[in-house]
Structures are given as C-alpha cells and as structure tokens.
Amino acid sequence: MTRVMIVDDHPMWREGVARDLGSRGYDVCATASDVTGAVKIALATRPDVVVMDLQLGDGSGVDATREITAALPDTRVLVLSASAEQADVLAAVKNGASGYLVKSASLDEFDDAVRRTADGDAVFSAGLAGLLLGEYRRLGAGPEVPQLTDRETEVLRLVARGLTARQIATRLVLSHRTVENHVQNTLRKLQLHNRAELVRYAIENGIDQAE
C-alpha cells in the first residue's frame, strides 16, 4: 500500500484530500500544515509520496520540497496547487518535485497522478510539461546529449511529455519491454535513477517536444 503524506494549510482541504485518498486504498500516514511540520513529520514517517501545496503557513511548499527530497531521496513530491503560474511550476521542479497538478484536476486524475508518482513517473497537468520545456529553451539550455541514440531521445521526449511506457509503446509501435529497455538504457547513460529525474534532465537540456 502506497504511503502518502498531505501538506496543506487549509484544514478542510487537507482532510478532504486525505479522506479521498484513503477511500481509494492509500495509506495516508501523516498530514502537516506548514514547512517546519512537513519536514519534521516526513523525516519521521518516510512516506512514499508527499502531496504538497505551495502556499503554507510559514513559507513556501517549494522550501519544504527541497528539504524533504534532499533528506529522503526515495520520497517523491507531487505538488497540488491552485497556481498554474510558470514561475511556480519551474520553482517546484527545480527544487525536487516529481510532478505538478493543479487543484482543478478531477479525483480520478489526482488518483492517477499519485499512483504514477509513487511508481516513479513524472506527472504534470495538461500543458505544464510543455510550458517547462519551452521556458528552458528560452533560457538557452543546452542541446540533447549526443550519446543517446535517436530512439532513446525519442522515448525520452515522450517520457518528458508525461506518457507512460505503454502509451509510448503504442505511439512508436514498439513492445512495452522495448520501451522499458530504452528507458533503462537512458537512465544508465545519464546516471539517473528514475523517470522523474529523466523529466528534469529533459527540461534542463531543452529536449524538443516536436516529433
């Protein structure tokens, strides 16, 4: 059972999210309302996924995300925020968030995002992955790494757009195993550990979305 921690400074929202996740089979092991409590409780409970709001009582969820992911590299942070502002999304990803979901998402979308985050995927609300890639290109980020094959780069590009391995397999007319092999080879070549780090790498290096 996936262990989830909820961090939000609004008690009704925090309790509602915890209730919804609990009804879907998640173990909501902890909640917190501010940065200090979030970091302290996360270190004590070591959840698989932290669902993190950005506006907290004593600071920013970005600060909590940075501290939690630095201390607990196996814990993944999914930001759940009312803001879809470019600066907020960029700050969250730069400081360790594995994904970013806006609060207008449906319960099914939220459930899927938490599950995929726990599985190591990077999950973004529609349009946010493209926003991130476009911003890094605008800032003049470097080109894609030459040691990746064309197929590995193509798979990486689709991973960065939030597609699952099965969706990529369908898109490229490959087997699921072949896609997974490409992902694992890319992780090895880039000395990364999971799909969330692959997405951050793609963003930071301006991997183009064009097919």
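Residues numbered from 1 in each chain as written. Predicted model: local features only at pLDDT ≥ 70, side-chain atom pairs only at ≥ 80, totals over all residues. Heavy atoms only, no water.

Draft legend 1. Broad picture of the overall build of the protein. Helix and strand counts for the protein come out as 10 helices and 7 strands. By the burial criterion, 49% of the 211 residues in the protein qualify as buried. For the protein, the accessible area works out to roughly 9,900 Å², and carbon and sulfur atoms hold 48% of it. (Helix = DSSP H or I, 4+ residues; strand = E, 2+ residues; numbered from the N terminus. Buried < 20%, exposed > 50% of the residue type's maximum accessible area, 1.4 Å probe, protein only. Areas by Shrake-Rupley, 256 points an atom, 1.4 Å probe, with all protein chains shown as cover.)

Draft legend 2. Summary view of helix 5 (residues 107-118). For helix 5, spanning 12 residues, the distance from its first C-alpha to its last is 17 Å, which sits close to the expected 16 Å at 1.5 Å a residue. Within the span of helix 5, buried status applies to F110, D111, A113, V114, R116 and T117. Its buried side turned inward, helix 5 meets strand 1 (3-7), helix 1 (11-23), strand 3 (49-52), strand 6 (76-81) and strand 7 (99-102). Just downstream of helix 5, G120 is the residue with a positive phi angle, here 100°. (Expected span 1.5 Å × (residues − 1). Contact = heavy atoms within 4.5 Å.)

Draft legend 3. How the structure looks around helix 8 (residues 165-172). All of the buried residues along helix 8 are A165, I168, A169 and L172. Taken around the axis of helix 8, the buried residues stretch over an arc of 100°, which confines them to a single face. Every exposed residue of helix 8 that faces more than 90 degrees away from the buried side is listed here: R166 and T170. Its buried side turned inward, helix 8 meets helix 7 (150-160), helix 9 (176-190) and helix 10 (195-204). At the exit of helix 8 stands V173, carrying a positive phi of roughly 55°. (Arc of directions from axis to C-beta.)

Draft legend 4. Quick peek at the nonpolar core. By size, the foremost hydrophobic cluster in this structure holds 48 residues, and its most contacted members are M5, V7, M52, Y100 and I168. Once residues within four sequence positions are removed from consideration, M5 is found in contact with A30, T31, A32, G37, A38, I41, A42, P47, V49, V50 and V51. Counting 15 residues, the second largest nonpolar core, distinct from the first, contains V4, V17, V51 and L78. (Core = buried A, V, L, I, M, F, W, Y, C linked by side-chain atoms within 4.5 Å.)

Draft legend 5. Quick peek at the pattern of salt bridges. Applying the stated criterion across every chain, the model contains 12 salt bridges. In this structure, the salt-bridge partner of D121 is R195, at a minimum N-O distance of 3.5 Å. Of this pair, D121 sits in the loop between helix 5 and helix 6 (128-138) while R195 is found in helix 10, placing the two residues 74 residues apart along the sequence. The pair D121 / R195 is uniform in exposure class, with both members buried. The closest approach of N and O atoms between E154 and R151, which form a salt bridge, is 2.9 Å. (Salt bridge = Lys/Arg side-chain N within 4 Å of Asp/Glu carboxyl O.)

Draft legend 6. Representation of unusual backbone geometry within the structure. At R46, a residue that is not glycine, the phi angle is positive and equals roughly 50°. Along the chain, the position of R46 falls in the loop between helix 2 (35-45) and strand 3. What makes R46 exposed here is its relative accessible area of 55%. Even without a glycine there, the phi angle at V173 is positive, about 55°. Looking at the element boundaries, V173 is found in the loop between helix 8 and helix 9.

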